[in-house]
Every structure is written in C-alpha cells, then in structure tokens.
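Structure at a glance
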Amino acid sequence: MAADWEEIRRLAADFQRAQFADTVQRLSERNCIEIISKLVQEKKLDVVHTLDGKEYITPAQISREIRDELYVHGGRINIVDLQQILNVDWVHVENRASDIAKSDKGVQLVLGQLIDDTYLDRLAEEVNDKLQEAGLISIAELCKNYDLPGDFLSEELSKRLGKLIQGEMDQYNRGVIFTPAFVARHKARIRGLFSAITRPTPVSSMIGAFGFQEHLLYSVLEELVDAGRLKGSVVGGRQDKAVYIPDIYSKTQNTWVDSFLQQNGYLEFDALVRLGIPDPSSYIKKRFKSNKLLFLRAACVGQALVDQVEASVEEAVNSSTWTDLQPILPSCLSTEDVGMLISQAMRNTNVQSTARVLGGTVVVSEKFISNCLSVFDEAMQQKAQKEVKNNPVFLISEEDLKQASVLTESSAPSKKEKREAERRKKATEGSGSVKAGGGGNAREIRIRKTKKKGRKDEDSDEETGPSQQNRSKQTAAPFMTEEEIIAVLEERVSDCPEEILSELAEHLVRPLSKAYQEVLRTVFMSSTSSPSGANKKQSMKDLQEEITNLYNNIRLFEKGTKFFSDETQVHIAKHVLKTLCTDVTNILVNFLAADLMMSVENPSTISNEVRVKILGKLSEETKGPLMKLHNCLNGKTIEDFLTNIETCAEVCGFMLKKGDKKKERQALFVHRQALTEQLKETEDPALVLHLTSVLLFQASTHCMLHAPGRCVPQIIGTLTGKIPTEQQQLLSAYQSLVVKQLVSQSQSRKQEEAEGDKAEEQDEEARSLRTQLMDLTPQVKDLVLSQKKTPGTED
C-alpha cells in the first residue's frame, strides 16, 4: 500500500515537471496557416476558410450545417440567409446546396431557396384547409401568398391531390383547384339557370351576371347538353361569342327559316342574324344538308330561283334578244350577289360565249348586239368618206404606213434614191436658183397679216411651245357619242326600255369606234392607193429654189437684228421663227409627208399639232433632225434654227447654198419693192408707221428687217442720228398719235355702256386723232416714197 502511494507521488512529480518544462519545438499561427494553405494548394487537404479568416471548415461540415439550418427553418431557407449564418463565401454555400438538391430527392432548389418535402406537405395541408373553406382556390393566389413559381406549385400540388389535398384540378384550366362539393354546387346552379332560358343567350353574360368559373361552366354545360339534361345547344364553342340556344327557340327558328325558304326561294344572312343565328352560313349548311343551295356573299338562293334565272337567260339567247332579270330577283340581293347568281346561271346553261351582262341585271344575246352594230354600217361609211376628205392627216396608223411603204416599193423607185440623184445633180450644177425674190410675196403677205393683228401678236409672241405640243396628242377620230347612239337605237330597236338602251349604248361605244377606225383605214387606203399627179408636190427643183430663197432671206433678217438690244433681238427672233422659219419647216415636213400619203396642198396650213403627228410617223434617222428643227421654232435665237435647217435639208436631199453679194442686193431690192407697194396701198396709220420705219431702217443700214408691231418704237429709236432731225420728229409725233388712237379704241370698246356725255367726248377726241393722222400720213409716206433710188441698194 505504501509502495502504491509512493508510485503515485512519483508520477505526480513527473507530471508537474512536464507541465513546467519549456517546449523544445513550437509552431506559430502564421506557420500553421502557411502549412494548411500549402496542403490545400497541393489538394491534399479540402477545407474552406470562413469570411473572417479565423476558422477552417470542411465541405462535409458545410453540408451538415446546411441540413441543420434547413431543419431548423422548417424545411425552407434562402441561400443568402445560409451564407450569413455559416459565415462562408456565397459560392461555397451555393455549390453545397446544389449538391444536396441533386443527391437528396426530398430537397429541391427553387429560385435560390432550399425546400424539402416536409415543407411542401405542410404547405399542401394549409392549401387543403383553405380549399375546404372556400371550395375554390387559384394557383395564382397561392403563388402570391407563398412566393413560389406557378409551374412548381402546380406540379407539387398535383402530386398531393387526393392525398393531402381533397379536391381536383380543372382539366381545361390547370390554374384552378376546386372541391367536388364546389363542382356539385355549380352544376346545380348551371342546370337550374339554363333550364329556365327560353331564348338565345350569350354564355359570357351568364358568367358576368352569376360569377361562374368560365372553364368550369363550359365543361358542365357541355356535359349537361350531351347527357340530354339540358334541351338546347351551344353555338360558337368556348369563345366569347358562344351562345346557348334552347331547343324550344330552335324549333321556332327552324320553322320560320324552312317556311321562308320554301315560300321565297332564298335566305338572307342578315335576316338570320337578326333572328339570333350568329353564323348563318354554317347554320344553313348544317340545316339543309340535302338541299341544293347556291351560296352568295350575303344570301343563299334555292334551286327553284336558279332554274328560273337559267330559263330566262336561255330564252334570251335562243331568241337573239335580251332579258332583264331584275323583276324575278329578290330585292335584298346586292349587286355583287346578283352578278354571282347570273354568272352561275350562264355557266350552267353554257352561254358565256353567246351572251353578256349589261347594267348588272340585263342579259343580252351576242346576236342582238351584232344586229345593233349592223344598224350603224351605212352611217359609218358616210362619215368615213366625209372624214377622209376633210382631215386625212390624223387618220394614218402604223399599219397604214407599212402598207403604204410596201405599195411604194413595189410600184416605183424609192424616194430616197430620187433625192440622192437630185442632190448629186444640184452639186454639179453649182448655184441653186436665179429667182432671188421668190420669198418676197410670202414676206408681203406675212407683214400685212402681222400688222392687222399687231396688238394680238404682242400677246402671242410670249407663247411657249410646250402648251401647243400638249395639244398635239390627238385622239382617234370619234364616231358617235353615247347620246347619238341612243337616238339611233331608239329609232331602229323597238320594245327596249330607255335604261337598257343607255347600257347598250355605253357598251357599243368602243366596238363602234374600233369598227369605225377600220372603215376609215379602208376608205383612206382605197382613196390613196393610186395617187394622181394633181396631189403631188412641185418638183424637186422648184422646192430647192423656194427653200434656198427662204433660207437666205432668214439669214438676211437675222443680220438685221444685230442693231438692237438683246431683249428686242429676242422679240424679233421669235417673230421670224413663228413666220418664215415655220414656213420653211412646213415645206420640208410636207415634202416628207408625201411619202406617207399625208401631204397637203398648202404647207402653210400645217399646224403645230399636224406637224408633230407627221414627224411621229417618220423613221428614226429622219425624225431626229426634224424634231430638233421643230423644237427650234419655240426657241429665242435664229442661229439654232439656221444650224438645224442645214442638217434637215441634207437629210431631205436638198442642198442649201448661201447667196453671194449680188443675190443679197437683189433680195434687198425685191423686199424693198414689196414693202413700198404695200405702203402705197394702205391707209391704216399703224401699218403705215410700221412699213415706213422698216423701210427707213433698211435704207439707213442696208439690212432687211422682219419685226413685229411691238418693236416699232425700238426701230424708230435705232434711226436716231441716221435720218434728218425733221424726219425723226415727224416719225415720233406720228407714233404718239398712233399710240393714242390705239389706246382710245381699246377704251371705247371697254366703255360702250358709258354715259352719253362721256361717249360724245371720246368720239370727239377720236375724230380729232383721225384728222391729225390723215394730215400726217402723206408726209410719213413721203419719207420713203420720195427717196431717190441709190445704186447701193437697188442694183
């Protein structure tokens, strides 16, 4: 015993020595951290340090603590809350939570929350309590209350239906759960309500009025109707337009529809809609499966009415007459429906090619239309003969040109070859013509015409070509208007109402116009197939001489414009272009028109529209230069015209030769003589002033001038310093009197209804002006007529 105590005291002493003895090897906290980090880096140790860095924890421990926290929180906890509780980085918490959800079927990760089956069972029990209390509960409401997704809730609650939840889910609407008692209660209400309905009622109105569940209502209603418990039907399916129609109403409705169709032979869709049938077309097809009905846009018609229309159409075709189907057609049919019905009747009787519809309801036989067309044959021939004589230019078509070219090529050498031969001949002869004054008469006529319309020319000088070219697009020669056709048909066609005649005339306008064009072409071709010598233009030599003279005169007139300002030059150039230049252009166009059988006796009668029409028929190589020449007539300079006239003359086979000094002097002399003769004959003060100023200008400048009346003041202005002062003063005084007279005449026309005293004063003033002008006119004429002929201007 003493030995044992001795042993105990010895051990206690050893233990005490061990406690107070110094440690030989001791690791610091820093060394421990480095060692653990090295082990973790070499993947020999799997630990995670806490956010404060004071502790290390293993993944297994994290998982255990997560499960513990999930249990403590009743089976549902947010990962964010777990991270704060465990004091570990959120990534490690999320990874371990995901591993737990994958490994444990009883735990799920939903929207960042861990949920186990115990929580879901408890939730199902709560839902069941609410369901039993309310009879109906929606998934949407549960989502809001429990903050869980709808699909997840629907799936989990569906698993527990019949177990923890005593209810069922609507098969058409998975978002609603109801109890059998709720369904039975609703079914009883629906059965009683719809049994009392006696007229068509929209199902949607029942839902709003009595608070039925929409999908449940449709399901129960279909079940009751199929079982025969409710005597009626639902039209429109499961839509807002669905209507419940009780059988008692349907029987009355069907009776009315059958009776109306039997009596009238048609059914109007609008009438069925007013009767309470929402889809008339489907209703009729279902109701009259065995009947042969023709469905139109807004109605359907029975076979009896179709047969009646077919009989009327067939009778009109066989008798070559017409028939108006309006009396036998229902008045409620629209124009489109009437057209569909008549088209179907014509297809059934196979008369589409032998009849046509006019005015929507009138069926006319093609033979009847042909007979009506033949009524106009005689009048068509007479009108064509008259039209060919009066205005042949606009009657030519491309086909006529082709036929004419064939006839020409087969009967005689080509015009082009003749022109080339004539051109070579002219080139060898040298100068063109010795009749230098050939254009003098035309000039004389033009001046007289210009002065008589002096004031009108002032306005027309500013006209532009495009407005005239727009009128050149001529339409085909018309035959008769609708009113004229109706008048002829009234005389020749009997027993035809005015409305049908109007429709028939409207239909005949185009065929008659087309036939008339053919008759015109035939008459024209027959009248021009063998042209006589009287219709031919003068010879190439005469044309060459006439064109050359006009060309040289235009050059001389252009030279005279250089003495004026730019603005006055434009006015004079426009006047020359509208007169002499237009004459030359018409001569060339008329020469080419002879090849197309479109020439006229007098080229000066060719208007702007006729010229464009003829140019449109020419070949491209000829039409191009001549179209440029035609466009120059609407320009402002003579130089462009002279440049283009040379090209056009060469295309037409003519050669323009510029006149020498001798011919220019001869042209000046002839022009002076023509103007002088005209001055001797006239007594019109305005024309006397115009001719005198032009002749004085020519005498002083040795240049010809062709100017409009509006340029007389400018002409007199250029004479300043070139004629004696007395003559200048006389011309100015005479000009003032002429202007006053023209103004007085204009005012008197405007004030014809003025008072007597005022009219007398104006008459007295006019007489005074006439007296002064009559006194001065001989003196003004003598300014030119008394001049001695100088060799420089008349040799």
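Refer to the structure printed above.
Report follows, based on the coordinates. Everything numeric here is computed off the predicted structure, so don't read it as measured data. (Residues numbered from 1 in each chain as written. Predicted model: local features only at pLDDT ≥ 70, side-chain atom pairs only at ≥ 80, totals over all residues. Heavy atoms only, no water.)

A few words now on unusual backbone geometry. Even without glycine at this site, L111 takes up a positive phi of about 50°. Tracing the backbone shows L111 in the loop between β4 (107-110) and β5 (113-116). According to the relative accessible area criterion, L111 is exposed, its value standing at 65%. Positive phi is not limited to glycine here, since N350 has a value of about 60°. Here N350 lies in the loop between α16 (335-349) and β16 (355-358). (Helix = DSSP H or I, 4+ residues; strand = E, 2+ residues; numbered from the N terminus. Buried < 20%, exposed > 50% of the residue type's maximum accessible area, 1.4 Å probe, protein only.)

The next thing to look at is a nonpolar patch on the surface. Residues I35, L39, V40 and L45 make up a contiguous nonpolar surface patch of about 260 Å² in total accessible area. Tracing the backbone shows L45 in the loop between α2 (29-41) and β1 (48-49). (Patch = residues over 30% accessible without salt bridge, like charges linked within 9 Å, V, L, I, M, F, W, Y side chains within 5 Å. Areas by Shrake-Rupley, 256 points an atom, 1.4 Å probe, with all protein chains shown as cover. Salt bridge = Lys/Arg side-chain N within 4 Å of Asp/Glu carboxyl O.)

Applying the stated criterion across every chain yields a total of four aromatic pairs. Ring plane angle 80° and centroid distance 5.4 Å describe the contact between F260 and Y266, whose orientation is recorded as edge-to-face. Seen from their ring centres, F564 and F697 are 5.4 Å apart, and the 25° between their planes marks the pair as stacked. Here F564, found in the loop between α26 (540-560) and α27 (566-593), pairs with F697, found in helix α32 (residues 685-701); they are 133 residues apart in sequence, far enough to count as distant. Among the residues examined, F697 registers a relative accessible area of 0% and is labelled buried. Here the aromatic cluster, defined as three or more aromatic residues joined through ring pairs, consists of W256, F260 and Y266. One Lys or Arg, K285, reaches over the ring of F295 and ends 5.4 Å from the middle of that ring. (Phe/Tyr/Trp six-rings, centres within 6.5 Å; stacked < 30°, edge-to-face > 60°. Lys NZ or Arg CZ within 6 Å of the ring centre and 35° of its normal.)

In this section: the pairing of β16. Note: β16 against strand β17 (residues 362-365), four bridges, orientation antiparallel. Residue pairing in the sheet places R356 in a bridge with V364 of β17. The hairpin formed by β16 and β17 contains three residues between the paired strands, and G359 there has a positive phi angle of roughly 65°. (Pairing = 2+ DSSP bridges.)

Here the focus is α16. Across its 15 residues, α16 extends 21 Å between first and last C-alpha, which sits within 8% of the 21 Å expected from 1.5 Å per residue. Burial in α16 covers these residues: D337, V338, L341, I342, A345, M346 and T349. Just downstream of α16, N350 is the residue with a positive phi angle, here 60°. (Expected span 1.5 Å × (residues − 1).)

Time to look at the pairing of β17. Within a regular strand, side chains alternate between the sheet's two faces. Residue alternation in β17 divides its side chains into two sets, V362 and V364 and V363 and S365, and both sets are buried. Two elements, strand β15 (residues 322-324) and β17, share three bridges in a ladder whose sense is antiparallel. Each bridged residue has a counterpart across the sheet, and for W322 the counterpart in β17 is V364.

In this section: the sheet that holds strand β10 (residues 232-235). Strand pairing in a sheet relies on backbone hydrogen bonds, with the paired strands running either antiparallel or parallel. Reading across from one edge, β9-β11-β10 is the order of the three strands in this open sheet, with antiparallel pairing throughout. Of all the strands in the sheet, just β9 (201-202) and β10 have a single pairing partner and so form its edges. By the bridge criterion, two bridges tie β9 to strand β11 (residues 243-246) in an arrangement that is antiparallel. For P202, the partnering residue across the bridge sits in β11 and is V243. Packed on one face of the sheet, helix α12 (residues 247-264) meets β10 and β11 and runs near 80° to β11. (Contact = heavy atoms within 4.5 Å. Axes fitted to C-alpha atoms, helices over the stretch in contact; angles between N-to-C directions.)

Turning our eyes to something else, we now look at the side chain of Q698. On the secondary structure map, Q698 appears in helix α32. Reaching out from Q698, the side chain makes a polar contact with the backbone oxygen of L668 at a distance of 2.9 Å. Engagement of the side chain of Q698 in a polar contact is seen with the side chain of H671, the distance being 3.1 Å. Aside from chain neighbours lying at most four places away, what touches Q698 is L668, H671, R672, C703 and M704. (Polar contact = N/O pair within 3.5 Å; in protein donor to acceptor, adjacent residues only side chain to side chain.)

This structure, assessed with the given rule, holds zero disulfides. Counting only cysteine sulfurs, C652 is the nearest neighbor of C648, a cysteine outside any disulfide, at a range of 6.6 Å. Look at C648 and you get buried, because its relative accessible area is 1%. (Disulfide = S-S within 2.5 Å.)

This part covers the sheet that holds strand β13 (residues 294-295). Pairing is antiparallel in the open sheet, where three strands are placed in the order β12-β14-β13. Looking along the sheet, the strands with just one partner apiece sit at the ends: β12 (266-268) and β13. Inspection of the sheet shows β13 paired to strand β14 (residues 299-301) by two bridges, in the antiparallel sense. Each bridged residue has a counterpart across the sheet, and for F295 the counterpart in β14 is C300.

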